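One-letter residues, chain by chain:
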Amino acid sequence: MSVTEAFAPGAIAKKPLVANPDLFTSKPSLIGLTRPQMAKALHEKGVPEKQLRMRVNQLWHWLYIRGVSDFDAMTNVAKDMREMLKEHFTIARPEIVEEQISNDGTRKWLLRFPSRGAGRPVEIETVYIPEEGRGTLCISSQVGCTLTCSFCHTGTQKLVRNLTAEEILSQLLLARDRLGDFPGADTPPGAFVPTGDRKVTNIVMMGMGEPLYNFDSVKTALLIATDGDGLSLSKRRVTLSTSGVVPEIYRTGEEIGVMLAISLHAVRDELRDMLVPINKKYPLKELLDACRAYPSLSNARRITFEYVMLKDVNDSLEDAKLMVQLLKGIPAKINLIPFNPWPGTNYQCSDWATIEKFADFINAAGYASPIRTPRGRDILAACGQLKSESERMRKTERLAFEAMMIAGHGEDDD
Ligand code: SAH
Ligand code: SF4
(Lines give C-alpha, C1' and ligand atoms only; values in the text may rest on other atoms or scores of the structure.)
(Ligands and ions follow the chains in the order given, each with its own letter.)
Protein backbone atom coordinates (compact mmCIF):
# COMPACT_ATOMS: atom_id res chain seq x y z
CA MET A 1 0.00 0.00 0.00
CA SER A 2 1.43 3.38 -0.92
CA VAL A 3 1.89 6.22 1.50
CA THR A 4 -0.81 8.28 -0.23
CA GLU A 5 -3.30 5.47 0.15
CA ALA A 6 -2.34 5.07 3.78
CA PHE A 7 -3.26 8.67 4.42
CA ALA A 8 -6.59 8.63 2.61
CA PRO A 9 -9.29 9.47 5.18
CA GLY A 10 -10.08 6.51 7.39
CA ALA A 11 -7.39 4.35 5.85
CA ILE A 12 -5.22 2.02 7.79
CA ALA A 13 -2.01 0.82 6.24
CA LYS A 14 -1.13 -2.76 6.94
CA LYS A 15 2.40 -3.58 6.26
CA PRO A 16 3.76 -6.99 7.06
CA LEU A 17 7.50 -6.54 6.96
CA VAL A 18 10.09 -9.09 6.05
CA ALA A 19 11.71 -10.63 9.08
CA ASN A 20 15.42 -10.29 9.64
CA PRO A 21 16.82 -13.87 9.88
CA ASP A 22 19.08 -12.74 12.73
CA LEU A 23 15.94 -12.27 14.82
CA PHE A 24 15.57 -15.87 15.69
CA THR A 25 19.05 -16.38 16.95
CA SER A 26 19.34 -17.68 20.47
CA LYS A 27 22.30 -15.37 21.07
CA PRO A 28 21.72 -13.03 24.00
CA SER A 29 20.90 -9.44 23.19
CA LEU A 30 22.98 -6.51 24.37
CA ILE A 31 19.83 -4.36 24.41
CA GLY A 32 18.29 -3.86 27.83
CA LEU A 33 21.37 -4.66 29.91
CA THR A 34 22.47 -2.25 32.61
CA ARG A 35 26.06 -0.96 32.22
CA PRO A 36 27.43 -3.47 34.81
CA GLN A 37 25.54 -6.32 33.11
CA MET A 38 26.94 -5.31 29.74
CA ALA A 39 30.47 -5.11 31.16
CA LYS A 40 30.07 -8.59 32.66
CA ALA A 41 28.77 -10.03 29.37
CA LEU A 42 31.73 -8.56 27.48
CA HIS A 43 34.23 -9.69 30.09
CA GLU A 44 32.92 -13.27 29.84
CA LYS A 45 33.72 -13.17 26.13
CA GLY A 46 37.29 -12.09 26.74
CA VAL A 47 37.21 -8.29 26.71
CA PRO A 48 40.00 -7.28 29.11
CA GLU A 49 39.02 -5.66 32.39
CA LYS A 50 40.76 -2.37 31.64
CA GLN A 51 38.88 -1.94 28.35
CA LEU A 52 35.44 -2.65 29.77
CA ARG A 53 34.42 0.88 30.69
CA MET A 54 35.45 2.26 27.31
CA ARG A 55 33.74 -0.58 25.39
CA VAL A 56 30.50 -0.21 27.35
CA ASN A 57 30.46 3.55 26.70
CA GLN A 58 31.14 2.94 23.03
CA LEU A 59 28.35 0.39 22.69
CA TRP A 60 25.96 2.51 24.74
CA HIS A 61 26.50 5.39 22.35
CA TRP A 62 25.88 3.27 19.25
CA LEU A 63 22.85 1.50 20.67
CA TYR A 64 21.08 4.35 22.38
CA ILE A 65 22.23 7.60 20.76
CA ARG A 66 22.79 6.43 17.20
CA GLY A 67 20.17 3.70 17.39
CA VAL A 68 22.03 1.11 15.30
CA SER A 69 20.74 -2.45 15.08
CA ASP A 70 23.71 -3.89 13.21
CA PHE A 71 27.22 -4.31 14.64
CA ASP A 72 28.75 -3.41 11.26
CA ALA A 73 27.39 0.13 11.59
CA MET A 74 29.69 0.69 14.60
CA THR A 75 32.40 2.25 12.50
CA ASN A 76 34.79 3.20 15.30
CA VAL A 77 34.81 -0.33 16.73
CA ALA A 78 37.70 -2.44 15.37
CA LYS A 79 36.74 -5.17 12.91
CA ASP A 80 37.88 -8.10 15.09
CA MET A 81 35.91 -6.68 18.01
CA ARG A 82 32.82 -6.38 15.79
CA GLU A 83 33.28 -10.00 14.67
CA MET A 84 33.51 -11.11 18.29
CA LEU A 85 30.35 -9.20 19.15
CA LYS A 86 28.50 -10.69 16.15
CA GLU A 87 29.54 -14.18 17.09
CA HIS A 88 28.22 -13.98 20.63
CA PHE A 89 25.47 -11.35 20.76
CA THR A 90 22.57 -9.83 18.86
CA ILE A 91 21.20 -6.28 18.73
CA ALA A 92 18.39 -7.08 16.27
CA ARG A 93 14.97 -5.47 16.63
CA PRO A 94 11.83 -7.55 17.08
CA GLU A 95 9.91 -8.64 13.99
CA ILE A 96 7.16 -6.31 12.81
CA VAL A 97 4.19 -8.54 12.06
CA GLU A 98 1.95 -5.65 11.12
CA GLU A 99 2.17 -1.86 11.00
CA GLN A 100 -1.02 0.19 10.93
CA ILE A 101 -1.11 3.90 10.26
CA SER A 102 -4.41 5.70 10.72
CA ASN A 103 -5.23 8.90 8.88
CA ASP A 104 -4.64 11.05 11.98
CA GLY A 105 -1.08 9.74 12.22
CA THR A 106 -1.63 7.20 15.01
CA ARG A 107 0.56 4.16 14.46
CA LYS A 108 0.29 0.70 15.85
CA TRP A 109 2.82 -2.07 15.54
CA LEU A 110 2.21 -5.72 16.18
CA LEU A 111 5.61 -7.03 17.23
CA ARG A 112 6.85 -10.57 17.62
CA PHE A 113 9.60 -11.39 20.06
CA PRO A 114 11.53 -14.62 19.75
CA SER A 115 11.88 -16.76 22.87
CA ARG A 116 15.55 -15.89 23.49
CA GLY A 117 15.62 -17.57 26.90
CA ALA A 118 12.43 -15.84 28.02
CA GLY A 119 9.94 -18.66 27.49
CA ARG A 120 7.81 -18.83 24.35
CA PRO A 121 7.78 -16.35 21.46
CA VAL A 122 5.09 -13.72 21.98
CA GLU A 123 3.31 -10.96 20.09
CA ILE A 124 2.48 -7.59 21.60
CA GLU A 125 1.20 -4.22 20.42
CA THR A 126 2.87 -0.83 20.73
CA VAL A 127 0.99 2.36 19.87
CA TYR A 128 2.30 5.82 18.91
CA ILE A 129 0.16 8.95 19.19
CA PRO A 130 1.42 12.17 17.63
CA GLU A 131 -0.01 15.41 18.94
CA GLU A 132 0.98 19.04 18.54
CA GLY A 133 4.34 19.33 20.32
CA ARG A 134 4.54 15.77 21.60
CA GLY A 135 4.61 12.17 20.47
CA THR A 136 3.58 9.55 23.01
CA LEU A 137 4.47 5.87 22.86
CA CYS A 138 2.40 3.33 24.78
CA ILE A 139 4.50 0.37 25.87
CA SER A 140 3.47 -3.06 27.16
CA SER A 141 5.13 -4.77 30.12
CA GLN A 142 3.51 -8.22 30.10
CA VAL A 143 1.66 -10.43 27.68
CA GLY A 144 -1.77 -10.71 29.29
CA CYS A 145 -2.25 -9.84 32.96
CA THR A 146 -2.60 -11.84 36.17
CA LEU A 147 -5.07 -9.34 37.58
CA THR A 148 -8.74 -9.56 36.74
CA CYS A 149 -10.24 -6.08 36.75
CA SER A 150 -13.84 -6.77 35.82
CA PHE A 151 -14.19 -4.03 33.15
CA CYS A 152 -10.87 -4.75 31.42
CA HIS A 153 -10.51 -6.94 28.38
CA THR A 154 -6.87 -7.71 29.09
CA GLY A 155 -8.00 -9.00 32.50
CA THR A 156 -9.88 -11.82 30.74
CA GLN A 157 -6.66 -13.04 29.12
CA LYS A 158 -4.28 -15.26 31.03
CA LEU A 159 -0.77 -14.03 31.70
CA VAL A 160 1.47 -15.57 29.07
CA ARG A 161 4.68 -14.17 30.41
CA ASN A 162 6.55 -11.09 31.60
CA LEU A 163 8.44 -9.17 28.95
CA THR A 164 12.19 -8.87 29.45
CA ALA A 165 13.93 -5.49 29.78
CA GLU A 166 15.18 -6.01 26.21
CA GLU A 167 11.62 -6.49 24.94
CA ILE A 168 10.27 -3.47 26.82
CA LEU A 169 13.06 -1.21 25.59
CA SER A 170 12.93 -2.60 22.05
CA GLN A 171 9.40 -1.20 21.68
CA LEU A 172 10.89 2.29 22.03
CA LEU A 173 13.88 1.58 19.76
CA LEU A 174 11.66 0.12 17.07
CA ALA A 175 9.23 3.05 17.17
CA ARG A 176 12.15 5.46 16.84
CA ASP A 177 13.47 3.44 13.87
CA ARG A 178 10.13 3.52 12.10
CA LEU A 179 9.64 7.25 12.74
CA GLY A 180 13.14 8.22 11.65
CA ASP A 181 13.83 9.42 15.19
CA PHE A 182 17.56 8.59 15.32
CA PRO A 183 20.30 10.91 14.04
CA GLY A 184 20.65 10.90 10.27
CA ALA A 185 17.42 8.94 9.71
CA ASP A 186 14.53 10.19 7.60
CA THR A 187 10.97 10.44 8.82
CA PRO A 188 8.65 8.56 6.43
CA PRO A 189 7.06 10.92 3.90
CA GLY A 190 3.62 12.12 4.95
CA ALA A 191 4.05 10.97 8.55
CA PHE A 192 2.39 13.07 11.19
CA VAL A 193 4.97 13.78 13.91
CA PRO A 194 5.49 16.65 16.38
CA THR A 195 7.37 19.68 15.10
CA GLY A 196 10.31 19.57 17.57
CA ASP A 197 13.55 17.59 17.28
CA ARG A 198 12.14 14.43 18.76
CA LYS A 199 9.36 12.25 17.43
CA VAL A 200 8.90 10.17 20.59
CA THR A 201 8.83 12.70 23.44
CA ASN A 202 6.76 10.79 26.03
CA ILE A 203 6.30 7.20 27.13
CA VAL A 204 3.37 5.67 28.98
CA MET A 205 3.50 2.19 30.49
CA MET A 206 -0.17 1.66 29.72
CA GLY A 207 -0.09 -1.20 27.29
CA MET A 208 -0.78 -4.76 28.25
CA GLY A 209 0.00 -5.97 31.73
CA GLU A 210 0.63 -4.67 35.21
CA PRO A 211 4.10 -3.05 35.10
CA LEU A 212 4.63 -3.34 38.84
CA TYR A 213 4.25 -7.13 38.63
CA ASN A 214 7.29 -7.08 36.37
CA PHE A 215 9.17 -4.53 38.42
CA ASP A 216 12.80 -5.40 37.74
CA SER A 217 12.54 -5.50 33.95
CA VAL A 218 10.40 -2.36 33.85
CA LYS A 219 12.87 -0.58 36.11
CA THR A 220 15.88 -1.56 34.00
CA ALA A 221 14.17 -0.57 30.75
CA LEU A 222 12.96 2.79 32.09
CA LEU A 223 16.33 3.66 33.62
CA ILE A 224 17.95 3.00 30.24
CA ALA A 225 15.26 5.05 28.45
CA THR A 226 15.92 7.98 30.78
CA ASP A 227 19.73 7.63 30.91
CA GLY A 228 21.21 11.04 30.09
CA ASP A 229 24.06 9.56 28.03
CA GLY A 230 21.70 7.57 25.83
CA LEU A 231 18.01 7.79 24.99
CA SER A 232 17.71 10.59 27.57
CA LEU A 233 13.97 10.93 27.93
CA SER A 234 13.07 13.18 30.83
CA LYS A 235 11.58 11.27 33.79
CA ARG A 236 8.76 13.80 33.77
CA ARG A 237 7.80 12.54 30.36
CA VAL A 238 7.57 8.90 31.39
CA THR A 239 4.36 7.75 33.09
CA LEU A 240 3.88 4.37 34.71
CA SER A 241 0.29 3.23 35.26
CA THR A 242 -0.57 0.75 37.99
CA SER A 243 -3.73 -0.81 39.36
CA GLY A 244 -2.24 -0.28 42.83
CA VAL A 245 0.58 -2.67 43.77
CA VAL A 246 1.37 -0.66 46.90
CA PRO A 247 4.86 -1.92 47.92
CA GLU A 248 6.14 -1.41 44.38
CA ILE A 249 4.67 2.12 44.25
CA TYR A 250 7.12 3.05 47.03
CA ARG A 251 9.91 1.34 45.10
CA THR A 252 8.92 3.13 41.89
CA GLY A 253 9.30 6.46 43.64
CA GLU A 254 12.65 5.55 45.17
CA GLU A 255 14.23 3.51 42.40
CA ILE A 256 12.74 4.76 39.11
CA GLY A 257 11.36 8.26 39.79
CA VAL A 258 9.00 8.53 36.81
CA MET A 259 5.49 10.01 36.83
CA LEU A 260 2.76 7.86 38.33
CA ALA A 261 -0.76 7.07 37.12
CA ILE A 262 -3.16 5.09 39.32
CA SER A 263 -6.08 3.10 37.93
CA LEU A 264 -8.50 4.23 40.63
CA HIS A 265 -11.95 3.54 39.11
CA ALA A 266 -13.78 3.45 42.46
CA VAL A 267 -13.63 5.49 45.65
CA ARG A 268 -15.26 2.98 48.02
CA ASP A 269 -13.48 -0.21 49.04
CA GLU A 270 -16.46 -2.52 48.52
CA LEU A 271 -16.88 -1.31 44.93
CA ARG A 272 -13.16 -1.19 44.16
CA ASP A 273 -12.85 -4.76 45.48
CA MET A 274 -15.14 -5.75 42.63
CA LEU A 275 -13.77 -3.54 39.86
CA VAL A 276 -10.06 -3.72 40.67
CA PRO A 277 -9.67 -6.88 42.79
CA ILE A 278 -6.10 -6.08 43.86
CA ASN A 279 -7.90 -3.64 46.17
CA LYS A 280 -8.65 -6.58 48.48
CA LYS A 281 -4.92 -6.90 49.07
CA TYR A 282 -4.09 -3.19 49.06
CA PRO A 283 -7.21 -1.19 49.99
CA LEU A 284 -7.76 2.48 49.22
CA LYS A 285 -6.21 3.84 52.38
CA GLU A 286 -2.93 2.02 51.78
CA LEU A 287 -2.98 3.00 48.13
CA LEU A 288 -3.52 6.67 48.86
CA ASP A 289 -0.89 6.67 51.63
CA ALA A 290 1.60 5.39 49.04
CA CYS A 291 0.47 8.17 46.66
CA ARG A 292 0.91 10.83 49.37
CA ALA A 293 4.43 9.55 50.02
CA TYR A 294 5.39 9.59 46.33
CA PRO A 295 8.55 11.73 46.02
CA SER A 296 8.64 15.30 44.72
CA LEU A 297 4.95 15.81 44.06
CA SER A 298 3.92 19.37 43.34
CA ASN A 299 1.45 21.21 41.15
CA ALA A 300 3.86 20.73 38.29
CA ARG A 301 4.33 17.04 39.13
CA ARG A 302 0.98 15.50 39.78
CA ILE A 303 -0.28 11.95 40.05
CA THR A 304 -2.83 11.02 37.39
CA PHE A 305 -5.86 9.09 38.59
CA GLU A 306 -7.59 7.10 35.86
CA TYR A 307 -11.35 6.70 36.37
CA VAL A 308 -13.39 4.67 33.89
CA MET A 309 -16.99 5.90 33.70
CA LEU A 310 -19.34 2.94 34.19
CA LYS A 311 -23.05 3.59 33.90
CA ASP A 312 -24.86 3.34 37.26
CA VAL A 313 -21.81 1.74 38.85
CA ASN A 314 -19.33 4.48 39.81
CA ASP A 315 -20.69 7.60 38.11
CA SER A 316 -22.89 9.27 40.75
CA LEU A 317 -22.30 12.72 42.21
CA GLU A 318 -21.87 10.96 45.53
CA ASP A 319 -18.85 9.19 44.03
CA ALA A 320 -17.47 12.49 42.75
CA LYS A 321 -17.81 14.00 46.25
CA LEU A 322 -16.08 11.04 47.84
CA MET A 323 -13.30 11.27 45.28
CA VAL A 324 -12.61 14.88 46.14
CA GLN A 325 -12.45 14.00 49.86
CA LEU A 326 -10.26 10.99 49.24
CA LEU A 327 -7.68 12.78 47.10
CA LYS A 328 -7.45 15.79 49.38
CA GLY A 329 -3.87 16.98 49.70
CA ILE A 330 -2.54 14.94 46.77
CA PRO A 331 -1.41 16.98 43.73
CA ALA A 332 -3.63 15.14 41.26
CA LYS A 333 -5.28 15.23 37.92
CA ILE A 334 -8.16 12.95 37.15
CA ASN A 335 -8.66 11.37 33.75
CA LEU A 336 -12.26 10.42 33.18
CA ILE A 337 -12.31 7.62 30.64
CA PRO A 338 -15.55 6.70 28.88
CA PHE A 339 -15.86 2.93 29.27
CA ASN A 340 -14.85 1.08 26.15
CA PRO A 341 -17.14 -1.96 25.76
CA TRP A 342 -15.91 -5.33 24.59
CA PRO A 343 -17.76 -8.51 23.59
CA GLY A 344 -19.19 -10.24 26.63
CA THR A 345 -18.97 -7.36 29.11
CA ASN A 346 -21.94 -6.46 31.29
CA TYR A 347 -20.85 -2.87 31.81
CA GLN A 348 -22.00 0.14 29.81
CA CYS A 349 -20.47 3.54 29.27
CA SER A 350 -22.01 6.33 31.40
CA ASP A 351 -24.25 8.81 29.58
CA TRP A 352 -22.42 11.83 28.25
CA ALA A 353 -24.42 14.23 30.45
CA THR A 354 -23.52 12.19 33.55
CA ILE A 355 -19.84 12.26 32.64
CA GLU A 356 -19.99 16.03 32.18
CA LYS A 357 -21.72 16.55 35.52
CA PHE A 358 -19.13 14.37 37.22
CA ALA A 359 -16.29 16.30 35.55
CA ASP A 360 -17.83 19.68 36.44
CA PHE A 361 -18.02 18.72 40.09
CA ILE A 362 -14.41 17.65 40.24
CA ASN A 363 -13.32 20.70 38.30
CA ALA A 364 -15.14 22.99 40.69
CA ALA A 365 -13.22 21.34 43.54
CA GLY A 366 -10.00 22.46 41.86
CA TYR A 367 -8.86 19.34 39.99
CA ALA A 368 -8.13 19.19 36.32
CA SER A 369 -10.41 16.44 35.07
CA PRO A 370 -10.22 16.12 31.32
CA ILE A 371 -12.69 13.75 29.75
CA ARG A 372 -10.73 11.61 27.37
CA THR A 373 -12.27 11.64 23.92
CA PRO A 374 -11.30 9.38 21.05
CA ARG A 375 -9.27 11.32 18.55
CA GLY A 376 -10.95 12.45 15.41
CA ARG A 377 -14.43 11.37 16.44
CA ASP A 378 -17.23 12.50 18.63
CA ILE A 379 -17.52 10.50 21.81
CA LEU A 380 -21.30 10.26 21.67
CA ALA A 381 -21.09 8.73 18.23
CA ALA A 382 -18.47 6.31 19.43
CA CYS A 383 -20.41 5.24 22.51
CA GLY A 384 -23.74 4.93 20.65
CA GLN A 385 -22.20 3.14 17.75
CA LEU A 386 -20.49 0.72 20.03
CA LYS A 387 -23.73 0.01 21.81
CA SER A 388 -25.63 -0.67 18.62
CA GLU A 389 -22.86 -2.67 17.04
CA SER A 390 -21.99 -4.07 20.43
CA GLU A 391 -20.26 -7.21 19.24
CA ARG A 392 -17.11 -6.07 17.61
CA MET A 393 -15.10 -2.92 17.59
CA ARG A 394 -13.69 -2.12 14.23
CA LYS A 395 -9.96 -1.77 14.03
CA THR A 396 -10.12 1.96 13.39
CA GLU A 397 -12.29 2.43 16.47
CA ARG A 398 -9.98 0.38 18.62
CA LEU A 399 -7.09 2.46 17.48
CA ALA A 400 -8.99 5.69 18.15
CA PHE A 401 -9.82 4.43 21.63
CA GLU A 402 -6.27 3.46 22.43
CA ALA A 403 -5.05 6.80 21.19
CA MET A 404 -7.49 8.51 23.49
CA MET A 405 -6.24 6.58 26.52
CA ILE A 406 -2.64 7.32 25.83
CA ALA A 407 -2.59 10.97 24.80
CA GLY A 408 -1.90 13.75 27.25
CA HIS A 409 0.24 12.04 29.87
CA GLY A 410 3.42 13.37 31.44
CA GLU A 411 4.43 16.97 31.84
CA ASP A 412 5.52 19.11 28.94
CA ASP A 413 8.45 21.00 30.47
CA ASP A 414 11.69 19.24 31.17
N1 SAH B 1 -2.33 -2.63 34.32
C2 SAH B 1 -2.04 -1.25 34.42
C3 SAH B 1 -1.64 -0.64 33.10
C4 SAH B 1 -2.72 -0.67 32.04
S5 SAH B 1 -3.20 0.96 31.70
C6 SAH B 1 -3.20 -0.52 35.04
O7 SAH B 1 -4.27 -1.13 35.21
O8 SAH B 1 -3.03 0.65 35.40
C9 SAH B 1 -4.71 0.78 30.92
C10 SAH B 1 -5.79 1.66 31.54
O11 SAH B 1 -7.01 1.38 30.84
C12 SAH B 1 -6.05 1.35 32.99
O13 SAH B 1 -6.36 2.52 33.70
C14 SAH B 1 -7.28 0.46 32.89
O15 SAH B 1 -7.95 0.42 34.10
C16 SAH B 1 -8.04 1.11 31.78
N17 SAH B 1 -9.02 0.24 31.12
C18 SAH B 1 -8.97 -1.10 30.99
N19 SAH B 1 -10.06 -1.56 30.32
C20 SAH B 1 -10.80 -0.48 30.00
C21 SAH B 1 -12.04 -0.31 29.30
N22 SAH B 1 -12.70 -1.33 28.79
N23 SAH B 1 -12.51 0.96 29.15
C24 SAH B 1 -11.82 2.00 29.66
N25 SAH B 1 -10.66 1.90 30.33
C26 SAH B 1 -10.15 0.67 30.51
FE1 SF4 C 1 -6.42 -4.64 32.99
FE2 SF4 C 1 -4.56 -3.16 34.29
FE3 SF4 C 1 -6.43 -4.57 35.64
FE4 SF4 C 1 -4.48 -5.86 34.33
S5 SF4 C 1 -4.25 -4.47 36.09
S6 SF4 C 1 -6.65 -6.43 34.36
S7 SF4 C 1 -4.24 -4.55 32.53
S8 SF4 C 1 -6.78 -2.82 34.26
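Residues numbered from 1 in each chain as written. Chains lettered and ligands numbered in written order. Predicted model: local features only at pLDDT ≥ 70, side-chain atom pairs only at ≥ 80, totals over all residues.

Peer 1: Explain the overall build of the protein to me, using residue names and the numbers behind them.
Peer 2: For the protein, the count of helices and strands is 13 helices and 11 strands. Here the protein, with 414 residues, has 44% of them falling under the buried criterion. Long-range contacts, defined here as pairs at least 24 residues apart, represent 68% of the contacts in the protein between residues at least 6 apart. (Helix = DSSP H or I, 4+ residues; strand = E, 2+ residues; numbered from the N terminus. Buried ≥ 20, exposed ≤ 12 C-beta atoms within 10 Å, placed from the backbone. Contact = placed C-beta atoms within 7 Å.)

Peer 1: Help me get a handle on the sheet that holds strand 10 (residues 303-309), residues and values and all.
Peer 2: Read from one edge to the other, the open sheet built from 9 strands follows the order 1-2-3-4-7-8-9-10-11, with strand pairing classed as mixed. Each edge of the sheet is formed by a strand with only one pairing partner; in this case those strands are strand 1 (95-101) and strand 11 (332-338). When the angles between neighbouring strand axes are averaged without regard to direction, this sheet yields 20 degrees. Summarising the sheet, strand 7 (residues 202-205) and strand 8 (residues 238-242) pair through 3 bridges and their orientation is parallel. By the bridge assignment for strand 8, Val204 is matched with Thr239. (Pairing = 2+ DSSP bridges. Axes fitted to C-alpha atoms, helices over the stretch in contact; angles between N-to-C directions.)

Peer 1: Report on the packing of helix 7 (residues 246-256) against helix 9 (residues 284-292), specifying residues and quantitative values.
Peer 2: Any two packed helices are characterised by the angle at which their axes cross and by the distance between the axes. Viewed as axis vectors pointing N to C, helix 7 and helix 9 meet at an angle of 5 degrees, and their least axial separation amounts to 9 Å. One way to sum up the angle between helix 7 and helix 9 is to call them roughly parallel. Taking contact as the criterion, the partners of Val246, Ile249 and Tyr250 in helix 7 are, on helix 9, Glu286, Leu287 and Ala290. Split by residue class, the contact of helix 7 with helix 9 holds 5 nonpolar, no polar and 1 charged. (Parallel < 35°, antiparallel > 145°, perpendicular 65-115°, else oblique. Nonpolar A, V, L, I, M, F, W, Y, C, P; charged D, E, K, R; others polar.)

Peer 1: Outline the packing of helix 6 (residues 215-225) against helix 7, supporting the account with residue identities and numerical values.
Peer 2: The geometry of helix 6 relative to helix 7 is characterised by a closest axis approach of 11 Å and an angle of 25 degrees between their N-to-C directions. The orientation of helix 6 with respect to helix 7, classified from their angle, is roughly parallel. Our pair here, helix 6 against helix 7, has a crossing hand that is right-handed. Note on element contacts: helix 7 touches helix 6 through Glu248, Arg251, Glu255 and Ile256, opposite Phe215, Lys219, Leu222 and Leu223. (Left-handed = near helix turned anticlockwise from the far one by under 90°.)

Peer 1: Give me the lowdown on helix 5 (residues 165-178), citing residues and values where you can.
Peer 2: Taking 1.5 Å of rise per residue, 14 residues should cover 20 Å, and helix 5 covers 20 Å from first to last C-alpha, within 8% of that figure. In terms of burial, helix 5 is largely enclosed, as 13 of its 14 residues are buried. Looking one or two residues past helix 5, Gly180 carries a phi angle of roughly 65 degrees, positive in sign. (Expected span 1.5 Å × (residues − 1).)

Peer 1: Quick rundown of the site of ligand 1? Include the residues and the values.
Peer 2: Near ligand 1 there are 16 residues, and of these Cys152, Ser241, Ser263, Glu306 and Asn340 occur at the shortest range. Elements with a contribution of two residues or more to the shell around ligand 1: strand 8 and strand 10. (Near = placed C-beta within 6 Å.)

Peer 1: Before we move on, could you go through unusual backbone geometry and cite the residues and values that matter?
Peer 2: One non-glycine residue, Ser232, lies in positive phi territory at about 40 degrees. Structurally, the position occupied by Ser232 is in the loop between helix 6 and strand 8. By C-beta crowding, Ser232 is classed as partly exposed, having 13 other C-beta atoms within 10 Å. Although it is not a glycine, His265 adopts a positive phi angle of roughly 65 degrees. Residue placement: His265 occurs in the loop between strand 9 (259-263) and helix 8 (269-275). Note on His265: 27 C-beta atoms within 10 Å, which makes it buried.

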